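Commentary on secondary and tertiary structure
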Amino acid sequence: QVQPVESGGGLVQAGGSLRLACEASGDITSMYSMCWYRQFPGKQRELVAELTFDGRIDYADSVKGRFTISGENAKNTVYLQMNGLKPEDTAIYYCAGRRLPRTYYWGQGTQVTVSS
């Protein structure tokens with residue numbers, strides 16, 4: 001399994017930027033991908049971005065053109081660069097390692113708050 005640890009959340013004004021980082025330890029090579037999810041109060045977690053280990057990337061429509069997922073293999077770290085933040089991006093952001101088909105190993109989450 002994999003143990004992800006997120007960092008980089010915080011408070012930012014609308015239009016601003018944040019970069020989240022997720023450092024993963026454990027059996028990284030058994031993972032299919034690393035993902036960023038977010039959860040709004042009272043809602044289920046939703047996929048924000050996914051980076052597979054063969055280089056494929058997928059984004060939620062709501063963040064396309066604003067968010068960028070990237071990885072740094074030497075540091076077992078995946079990043080989420082968030083630009084043009086909106087108040088509706090306010091959520092808890094979770095990093096997860098995904099093993100096929102749908103087994104996820106979750107981090108503890110980091111709060112992102114965007115003020116208007």
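Residues numbered from 1 in each chain as written. Predicted model: local features only at pLDDT ≥ 70, side-chain atom pairs only at ≥ 80, totals over all residues. Heavy atoms only, no water.

Things to note about the overall build of the protein chain
This is how the line gets drawn: Only DSSP runs of H or I covering at least 4 residues are called helices, and only runs of E covering at least 2 are called strands; the numbering of each starts at the N terminus. With the radius of gyration taken over C-alpha atoms, the globule rule is written as 2.2 Å times the number of residues to the power 0.38. Any residue under 20% of the maximum accessible area for its type is buried, any over 50% is exposed, and the rest in between are partly exposed; the area is computed with a 1.4 Å probe on protein chains only. The contact criterion used throughout is that any non-hydrogen atoms of two residues lie within 4.5 Å. Here the accessible surface of atoms and residues is derived via Shrake-Rupley with a 1.4 Å probe, and residues count as covered only by protein chains that are part of the display. In this tally Asp and Glu are treated as negative and Lys and Arg as positive; neither His nor the chain ends contributes. Charge positions come from single atoms, namely NZ of Lys, CZ of Arg, CG of Asp or CD of Glu.
Each helix and strand counted, the protein chain has 0 helices and 11 strands in total. Computed over its C-alpha atoms, the radius of gyration of the protein chain comes to 13 Å, within 12% of the 13 Å expected for a compact globule of 116 residues. The principal-axis extent of the C-alpha atoms belonging to the protein chain is close to 40 × 30 × 25 Å. For the protein chain, the residues scored as buried account for 43% of the 116 residues in total. Expressed as a percentage of contacts within the protein chain between residues at least 6 apart in sequence, the contacts between residues at least 24 apart total 52%. Of the roughly 6,100 Å² that the protein chain leaves accessible, carbon and sulfur atoms contribute 49%. Distance between charge centroids for the protein chain: 3 Å, based on 12 positive and 11 negative side chains.

A short note on the sheet that holds strand 7 (residues 67–72)
Going by this rule: Two strands pair under a simple rule: DSSP has to find at least two bridges between them. Axis definition: a line fit to C-alpha positions, over the contact stretch in the case of helices; interaxial angles, taken between N-to-C directions, run 0 to 180 degrees.
The strand order 1-3-8-7 describes an open sheet built from 4 strands, whose pairing is antiparallel. Since the sheet does not close on itself, it has two edges, and those belong to strand 1 (2–7) and strand 7, each with one partner. Ignoring which end each strand starts from, the neighbouring axes of this sheet average 20 degrees apart. Examined bridge by bridge, strand 3 (residues 18–26) and strand 8 (residues 77–82) share 6 bridges and lie antiparallel to one another. Paired with Arg19 across the strands is Gln81, a residue of strand 8.

Observations regarding the packing of aromatic side chains
In plain terms, the rule: We call Phe, Tyr and Trp rings a pair once their centres come within 6.5 Å, taking the six-membered ring for Trp, and we label the pair stacked below 30 degrees between planes, edge-to-face above 60, and tilted otherwise.
In this structure the tally under the stated criterion is 4 aromatic pairs. A centroid spacing of 5.7 Å and a plane angle of 80 degrees characterise the contact between Tyr37 and Tyr104, whose relative ring orientation is edge-to-face. Of this pair, Tyr37 sits in strand 4 (residues 33–39) while Tyr104 is found in strand 10 (residues 103–106), placing the two residues 67 residues apart along the sequence. Note on accessibility: Tyr37 and Tyr104 belong to one class, buried. Seen from their ring centres, Tyr37 and Trp106 are 5.1 Å apart, and the 80 degrees between their planes marks the pair as edge-to-face. Taken together, the residues Tyr37 in strand 4 and Trp106 in strand 10 connect sequence positions 69 residues apart.

Details of the pairing of strand 11 (residues 110–115)
Here strand 11 shows one buried face, formed by Thr110, Val112 and Val114, and one open face, formed by Gln111, Thr113 and Ser115. In the sheet, strand 2 (residues 10–13) pairs with strand 11 via 4 bridges, with the strands oriented parallel. In the sheet register, Gly10 faces strand 11, and the bridge partner there is Val112. Taken together, the 3 bridges between strand 9 (residues 91–99) and strand 11 define a ladder with antiparallel strand orientation.

Structural notes on the nonpolar core
Selection rule: We define the nonpolar core as a collection of buried residues of types Ala, Val, Leu, Ile, Met, Phe, Trp, Tyr and Cys that are connected through side-chain atoms lying within 4.5 Å of one another.
Trp36, Leu80, Met82 and Tyr93 are the most contacted members of the largest nonpolar core, which totals 28 residues. Mapped onto this core, the elements with two or more residues apiece are strand 3, strand 4, strand 5 (46–52), strand 7, strand 8, strand 9 and strand 11. In terms of residues, this core owes the most to one element, strand 3, which gives 4 residues.

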